[in-house]
Amino acid sequence: MSLDAAWLALLRDLQLAFRKRGQLVQPLAFFAMVTMLFPLAISPELSRLRSIAPGVLWVAALLASLLALEFLFRDDAYDGTLEQYALSGRSLTGLMFAKTVAHWLLTGLPLTLMAPLAALSLGAPAASIPGILAAVAAGTVALSLIGSIGAALTLGIKRSGALLSLLILPLSLPVLIFGARATQLAINGSPLLPPLELLAALAVLAVTLAPLAAAAAVRISLE
Amino acid sequence: MTWTWFHRLGSPPYVYALAARLTPWFAWPAALLILGGLWGGLVLAPPDYQQGEGVRILYVHAPSAWMSLMVYTSMAIAGAVGLIWRIKVAHAVAASCAPIGASFTVAALVTGALWGKPMWGTYWEWDPRLTSELILLFLYLGYMGLRTGIEDTQRADRASAVLAVVGLVNVPIIHYSVTWWNSLHQAPSVMRLAKPSMAPSMLIPLLMMLLGFTLLFGALLLVRLRGEILSRERAASWIREVVGA
């Protein structure tokens, strides 16, 4: 049963990551830093910050998840694990999905938990927290999955950072648009269901299609 | 039904010769149609009652914007054909499409900005169509970046084909999300390019330009395809016969 293999791959990735806890903090620290740059660059007035908070939050989340993508396949490509996955006869799509889920648990979930803090520091009211949590959770799922395609395509390219962002950012724009809109509505205290549903739709679409594309890309890079 | 014509399209020498023969059949009608369309659009057609003479840039802008999307679609389809049936020539077609499509996108952006100056009073407005066009340019740049990033041609072909297909799935999503985003910030603009009814004196030159640009893309593609095949097959013996070296 290939779900077993996917489950084992997921556990393996989590275990490996917890042995190198230092790396896990980096995207979070990056997210917090980028959020901090805006009050310093624009103004400390909470009323002004509140109006730009959704944009700041989502740009920071997008950049942090982009930064974290580097860890997704790199080590497994170096030590041959990906090759073993491809040769194992198990569904590579399922394994890619497992790796991406692990990646989301390690970067997307902490980012989701931290986003309300960042929003509060930018003047968002406490009542907006559930909405922001939901939006960032759905958005980071989609971002992790879209990112897995880019990370798989750029495997084996040296200094692929700039190229990876060029590949991923245009594809991530719908997530940014709907995410920032949902956050804005949450901060204003308005009903935010429509953009949230669109975000969820993007996440579902990414769950369905991204692992297929990522598996195809990994196979190509191993040829 | 015999499939020989299809199988022959997989052979680089055959396609190389075919492209050379077909090029004039695209290039000359393209030149005539574009000249005729320009004459009709820039001289014969009346100025618009709202936009004045500024509307004439539409005759270049709209076909460029149309082509930018069409070339991306062709590129993704060619890439998918190459990926599925492992046809090398299809990948060469996809590789030849990218710079042409990126150029059409730049043309659409520049003409859109020039049109915006008299209409909006600014060169750049965050209009949904212009913004989508800009994103499309980034998609092209990413595609070309991935191609140059991977040294092995076959891997570059297949990886960029996956990217093009993923991009094609995303183009409508991006377009509608950008339209949705824009509708929150400003009312639909007064001047809509896509008027349901257009006077024939404007419609005919526009259609001529559209067809002319499509044929121009065909001609450019055939020329680039020959170059692409030459560089990919440079080790093959048939090249020596063709170039007479």
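Up top is the structure these notes are about.
The paragraphs below set out a description of the structure included in this document. It should be emphasised that the depicted structure is a prediction, and the values quoted were computed from it without experimental measurement.

1. Some words on helix 8 (residues 161-188) of chain A
Residue and element names in this part refer to chain A.
Reasoning step 1: At Ser 172, helix 8 shows its maximal bend, which comes to roughly 45°, and the proline Pro 174 appears one to four places after that position.
Reasoning step 2: Among the 28 residues of helix 8, 23 are classified as buried, and the element is accordingly described as predominantly covered.
Reasoning step 3: One or two steps after helix 8, the chain reaches Gly 189, where phi turns positive at roughly 75°.

2. Details of the packing of helix 3 (residues 46-68) of chain A against helix 6 (residues 92-121) of chain A
Residue and element names in this part refer to chain A.
Reasoning step 1: Two elements in contact, helix 3 and helix 6, have axes separated by 11 Å at closest approach and are oriented at 155°. Classified by the angle their axes make, helix 3 and helix 6 are roughly antiparallel. You can see that helix 3 and helix 6 cross each other, and the crossing is right-handed. Contacts between helix 3 and helix 6 pair Ala 53, Leu 57, Ala 61, Ala 64, Ser 65 and Ala 68 from the former with Thr 107, Gly 108, Leu 111, Ala 115, Ala 118 and Ala 119 from the latter.
Reasoning step 2: Considered class by class, the residues forming the contact of helix 3 with helix 6 number nine nonpolar, three polar and no charged.

3. What about the interface of chain A and chain B?
Reasoning step 1: Contacts between chain A and chain B engage 22 residues on the former and 22 residues on the latter.
Reasoning step 2: Of all the secondary-structure elements, those providing two or more residues to the side of chain A that touches chain B are helix 7 (129-153), helix 8 and helix 9 (193-222) of chain A.
Reasoning step 3: Per element, the largest residue contribution to the side of chain A that touches chain B is ten residues, and it comes from helix 8 of chain A.
Reasoning step 4: Residues belonging to the side of chain A that touches chain B are distributed by class as follows: 17 nonpolar, three polar and two charged.

4. Remarks on the packing of helix 3 (residues 58-85) of chain B against helix 4 (residues 88-120) of chain B
All names here are of chain B.
Reasoning step 1: Contact geometry for helix 3 and helix 4: axes closest at 7 Å, N-to-C directions at 160°. What the angle tells us is that helix 3 and helix 4 run roughly antiparallel. The crossing of helix 3 and helix 4 is left-handed.
Reasoning step 2: Across the contact of helix 3 with helix 4, the residue classes tally to 18 nonpolar, eleven polar and no charged.

Conventions adopted
Residues numbered from 1 in each chain as written. Chains lettered and ligands numbered in written order. Predicted model: local features only at pLDDT ≥ 70, side-chain atom pairs only at ≥ 80, totals over all residues. Bend = angle between axes of the 7 residues up to and from the residue. Helix = DSSP H or I, 4+ residues; strand = E, 2+ residues; numbered from the N terminus. Buried ≥ 20, exposed ≤ 12 C-beta atoms within 10 Å, placed from the backbone. Axes fitted to C-alpha atoms, helices over the stretch in contact; angles between N-to-C directions. Parallel < 35°, antiparallel > 145°, perpendicular 65-115°, else oblique. Left-handed = near helix turned anticlockwise from the far one by under 90°. Contact = placed C-beta atoms within 7 Å. Nonpolar A, V, L, I, M, F, W, Y, C, P; charged D, E, K, R; others polar.

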